[in-house]
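Spelled out, the chains give:
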Amino acid sequence: MSGYVLKNISCLVTCNDRDEIVSGVDLVIRDRQIEAIGENLAAANPELEVMDCQGCLVGPGLVNTHHHFYQTMFRGIPEAQGLALFDWLKTLYRYWQHMTPDVVYQGTRTALIELIRTGCTMTTDHHYVFPAGQKENPIEIQIGAARELGMRFHPTRGSMSLSEKDGGLPPESVVQTDHEILEDSARLVEAFHDPEPYAMTRIALAPCSPFSVTLDLMRRTAELAREKKVMLHTHVAETVDEEQYCMDTHGMRPVDLMESLGWMGQDVWYAHAIHLNDDEVARMAASGTGIAHCPSSNMKLGSGICRVTRILEQKGKIGLAVDGSASNDGSNLWQEMKRAYLLNHLFYGQRGLSAYQAFRLATRGGAEVLGRTDTGYLAPGMAADLIVISLEDPAFAGCHDPLTAVVNCGSSDLVDTVFINGKRVVHNRILLGVDLREAYSSAHRAARDCVAKNTSAGN
Ligand code: ZN
């Protein structure tokens, strides 16, 4: 069996250029691609497994444009709750410095399981904590975990080089030198980056933020990324504190500072981008710079509200993201969709997003932010990354619009089937090939042991 026919789809949300939503069609998956969409395709493909999709919504898989997987191991630490970004970070650095390779693996695996079970088919991750003295490379550990689970993965090689003693925020124990960072970045790109269509692994480079790396590292990372033809990612304009830091330290607003370092263009995407003025929104949109909107994290840390409607009006590139699980605390993009929708309506009232716009942000919008043209919408020749949701569930009863049903009504755990690169990884709401009890207990044990190290160190 080399594929599937999804037959009699009641609601196919393509997210194509014409925003087509069609009913009564079949969709053929062969190997890693969507081969055809049309009527009565099952008879012509008798060798393929038929899945009856009557009563189902089929759409592109969800795309997550920002995360810190390791943070799944540090959720709900009492002393970090209720803090704003800078105090929150300073509290958590003390825990993160004890991270072992196993904690990185378990955190990655946990986040990926959460994402895949809820319909995410492509994700990035921003890993920037490299505790001193560790031999195993966290990014390689993450790539291994993503391959085990079959996730399409864009890891970013994060970095921190500006410790407290040099005017930055993180402690000495979690920063590296600029040389170490650039050397490892180049090596990872050479070893793992796949520029070809349908790639399952692409690397990007991602210094953590303007307050945790040197400006020289920001500039040199951009040069290296362009030389290697990979994307650039970091946090920007997340909080008013950050804006104040950039003004006080560099005499520039965050976006101006990043632009002066070469960080603007089709190959750049930023997490958050909340505190933008009209001119900055316009410049980012015109340059094709992407934005990862993280509504849960922004609400939890009290950071502010991203100007999504304005960004879309300017034809800016924007997708959704769960952000790290210490500031969210989950890896479920349906929650982000609903919160993006609600937060946007709180801010914009009647100019707020439609349910379809929220869904498009979470699918095609995210794929565009990550620089992919081979996934994110459903059409022949595209990668077979898609989700199937039965609408015939009490959670959706009485709803007269299928997109409102999945975005705003329902429970977020109702994804029935998930395909990634043509492979069925979730079926009948079961993540195939993973023992969830074992996954829980090994991850929870690793997290507990790591957090206990901070307590016993008396930090
Ligand atoms: Zn983040």
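About the thresholds
Residues numbered from 1 in each chain as written. Predicted model: local features only at pLDDT ≥ 70, side-chain atom pairs only at ≥ 80, totals over all residues. Heavy atoms only, no water. Donors = N, O, S within 2.8 Å, 3.2 Å for Na, K, Ca; no water. Tetrahedral: all angles 85-135°; square planar, octahedral: opposite > 155°, others 65-115°. Buried < 20%, exposed > 50% of the residue type's maximum accessible area, 1.4 Å probe, protein only. Pairing = 2+ DSSP bridges. Helix = DSSP H or I, 4+ residues; strand = E, 2+ residues; numbered from the N terminus. Axes fitted to C-alpha atoms, helices over the stretch in contact; angles between N-to-C directions. Contact = heavy atoms within 4.5 Å.

Colleague: Help me understand the coordination of the zinc ion in this model?
Modeller: Only His-66 (NE2), His-68 (NE2), His-235 (NE2) and Asp-323 (OD) from the protein coordinate the zinc ion, and they sit 2.1 to 2.7 Å from it. One can describe the donor arrangement at the zinc ion as irregular, given that its four donor atoms subtend angles of 84 to 171° at the metal. In the primary structure, the donors to the zinc ion are separated according to the pattern H-x1-H-x166-H-x87-D. Residue His-66 is classed as buried on the basis of its relative accessible area of 0%.

Colleague: Can you help me understand the sheet that holds strand S14 (residues 290-293) in this one?
Modeller: Hydrogen bonds between backbone atoms are what pair the strands of a sheet, whose relative direction is either parallel or antiparallel. Taken in spatial order, the eight strands of this open sheet run S8-S9-S10-S11-S12-S13-S14-S15, and their pairing is parallel. Either end of the sheet is taken by a strand with one partner, and the two such strands are strand S8 (62-64) and strand S15 (317-320). Strand-to-strand, the axes of this sheet are offset by a mean angle of 20°, without reference to chain direction. Across three bridges, the pairing between S8 and strand S9 (residues 120-127) is parallel. Opposite Leu-62, over in S9, you have Cys-120 as the bridge partner. Taken strand by strand, helix H3 (residues 138-149) contacts S9 and strand S10 (152-159), and its axis lies near 170° from that of S10. Each of S10, strand S11 (204-207), strand S12 (231-236) and strand S13 (268-272) is contacted by helix H5 (residues 215-228), which is oriented at about 150° to S12, the strand it contacts most.

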